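An overview of the molecular structure
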Amino acid sequence: FNATRTECDEPVQLAFDGLPAGVEVVAPPTIGKAPGTIAVFQAAAEAAPATSLAQVAVRTAAAGDTPPRQLGGLRQVTELVMGQPNNASYRTSVSDRLPVAVVEPARIRVDVEQPSTPIVRRGRLDLRVRITREGDFAGKVRLNLPFKPPGIGAAANVEVGEKDAEAVYTINAAADAAVGEWQLAVIAAALDNNEPSVWVSSLPVTLRVAEPFIELASEKAVAEPGQEAKIVCKVTKPGSFTGTAKAKLMGLPAKAVAPELELAATATELVFPVTVAADAQPGRHDNVFCEVRVPMAESWVVHAMPGNQLRIDKPLPKPEPTDSAAAEKKAG
């Protein structure tokens, strides 16, 4: 659900009335000025097939509003006739009700494991997704995220192979991702001949977006083929973690390697020795960055530090001998 706001910047809550018997809704309130939220509908196993046109109310979510104030409702626009120029809409239908139907069980079920760690700004997190297949369905399943918090990015979809029961959906956080707790759900579509035939949703899980636990700033480095370069990373934000982190250089050019290093929370500097092979291609490589994995809850919180440059220069040509040096060499 996307909210169009006019003179309203407070959190809002969705309320549903007139749902079929046995249907419940999990609809977390919007956070701050976020443009929308998700609503996951779940039918009980004993719910009978039924349909309804449910009412949707938008109310204040503040704890002090008792009863909550009504702010608006549903306005669903459906384009019926489109044409030239530029797919202009010539006839639309506007509804203030939400069609809801209870149907027979789907051939798949999708569940998302609650992440045990947060995702930090400029970091990434792997969502672990489990697919349960019903009956004899063994086809592919396509996953996608219908709602992403501000600053959270991910692939448009992830495909689960035939008969596979698990998948990883990787999400990334921008440097300005909105810090806080958000609700996230994954939609799964069963594919027939590579086309979706039925969609189901997981129940929401809580995604925690946090500030980085440590921050590094790297310096530019230069080397020639066959030499070693040193990439120095200064700690600009002291580590707020316990244990030992792992640091690795990412984005190195072909035939340039560096070891993975350990990083203590009290460290102030990290120096990577980069070995450049003799046949490495000279050039400038601008997206070399340090990935730091911080231990937490028997897992890792993955950080990506700002990138910098590694330059591989051609060796300078050896100077030609002068005339006097050549004459001396000949005389000798």
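Refer to the preceding data block for the structure.
Here is a short report on the structure shown in this document. (Residues numbered from 1 in each chain as written. Predicted model: local features only at pLDDT ≥ 70, side-chain atom pairs only at ≥ 80, totals over all residues. Heavy atoms only, no water.)

Here the focus is the packing of aromatic side chains. Going through the model one piece at a time under the given rule, you end up with two aromatic pairs. Taken together, a centroid distance of 5.9 Å and an interplanar angle of 65° make the contact between Phe 1 and Phe 16 edge-to-face. Within this pair, whereas Phe 1 is found in the segment before strand E1 (12–17), its partner Phe 16 is found in strand E1, the two being separated by 15 residues in sequence. By relative accessible area, Phe 1 is classed as partly exposed at 34%. Their ring planes at 75° and their centres at 5.3 Å tell us that Phe 16 and Phe 41 sit as a pair that is edge-to-face. Of this pair, Phe 16 sits in strand E1 while Phe 41 sits in strand E3 (residues 40–43), and the two are 25 residues apart along the sequence. On the basis of relative accessibility, which here comes to 19%, the residue Phe 16 falls in the buried class. Judged by relative accessible area, which is 32%, Phe 41 ranks as partly exposed. Connected via pairs of aromatic rings, a cluster forms that spans Phe 1, Phe 16 and Phe 41. Sitting over the ring of Trp 300, Arg 293 keeps its end group 5.0 Å from the ring centre. (Phe/Tyr/Trp six-rings, centres within 6.5 Å; stacked < 30°, edge-to-face > 60°. Helix = DSSP H or I, 4+ residues; strand = E, 2+ residues; numbered from the N terminus. Buried < 20%, exposed > 50% of the residue type's maximum accessible area, 1.4 Å probe, protein only. Lys NZ or Arg CZ within 6 Å of the ring centre and 35° of its normal.)

Turning our eyes to something else, we now look at the sheet that holds strand E10 (residues 119–120). Across the sheet, which stays open at both edges, the three strands sit in the order E10-E19-E16 with mixed pairing between neighbours. Both outer strands of the open sheet, E10 and strand E16 (180–184), are each paired with one neighbouring strand and no more. One ladder, built from two bridges, connects E10 with strand E19 (residues 205–210); its direction is parallel. Bridge pairing in E19 links Val 120 to Ala 210. (Pairing = 2+ DSSP bridges.)

Our focus in this paragraph is the nonpolar core. Judged by nonpolar contacts, the single largest core of 34 residues is most densely connected at Leu 143 and Ile 171. Listing elements by their share of this core, those giving two or more residues are strand E9 (108–112), strand E11 (123–133), strand E12 (141–144), strand E14 (158–160), strand E15 (166–173), E16, strand E17 (187–192) and E19. With residues up to four places along the chain from it excluded, the contact list for Ile 171 reads Ile 119, Gly 123, Arg 124, Leu 125, Leu 127, Leu 145, Ile 152, Gly 153, Ala 154, Leu 184 and Leu 207. By size, the runner-up hydrophobic cluster in this structure holds 33 residues, among which are Ala 210, Leu 249, Leu 263 and Cys 290. (Core = buried A, V, L, I, M, F, W, Y, C linked by side-chain atoms within 4.5 Å. Contact = heavy atoms within 4.5 Å.)

Together, Leu 80, Val 81 and Tyr 90 line one region of the surface with nonpolar side chains, adding up to about 320 Å² of accessible area. Along the polypeptide, Val 81 turns up in strand E6 (residues 76–83). (Patch = residues over 30% accessible without salt bridge, like charges linked within 9 Å, V, L, I, M, F, W, Y side chains within 5 Å. Areas by Shrake-Rupley, 256 points an atom, 1.4 Å probe, with all protein chains shown as cover. Salt bridge = Lys/Arg side-chain N within 4 Å of Asp/Glu carboxyl O.)

On to the side chain of Glu 291, then. The topology assignment puts Glu 291 in strand E27 (residues 283–296). Taking relative accessible area as the criterion, Glu 291 reaches 10% and is therefore assigned buried. Looking at Glu 291, its side chain comes within polar contact range of the side chain of Arg 124, at 3.2 Å. Contacts of Glu 291, omitting those with residues within four sequence positions, involve Arg 124, Lys 246, Ala 247, Lys 248, Met 250, Val 302 and His 303. (Polar contact = N/O pair within 3.5 Å; in protein donor to acceptor, adjacent residues only side chain to side chain.)

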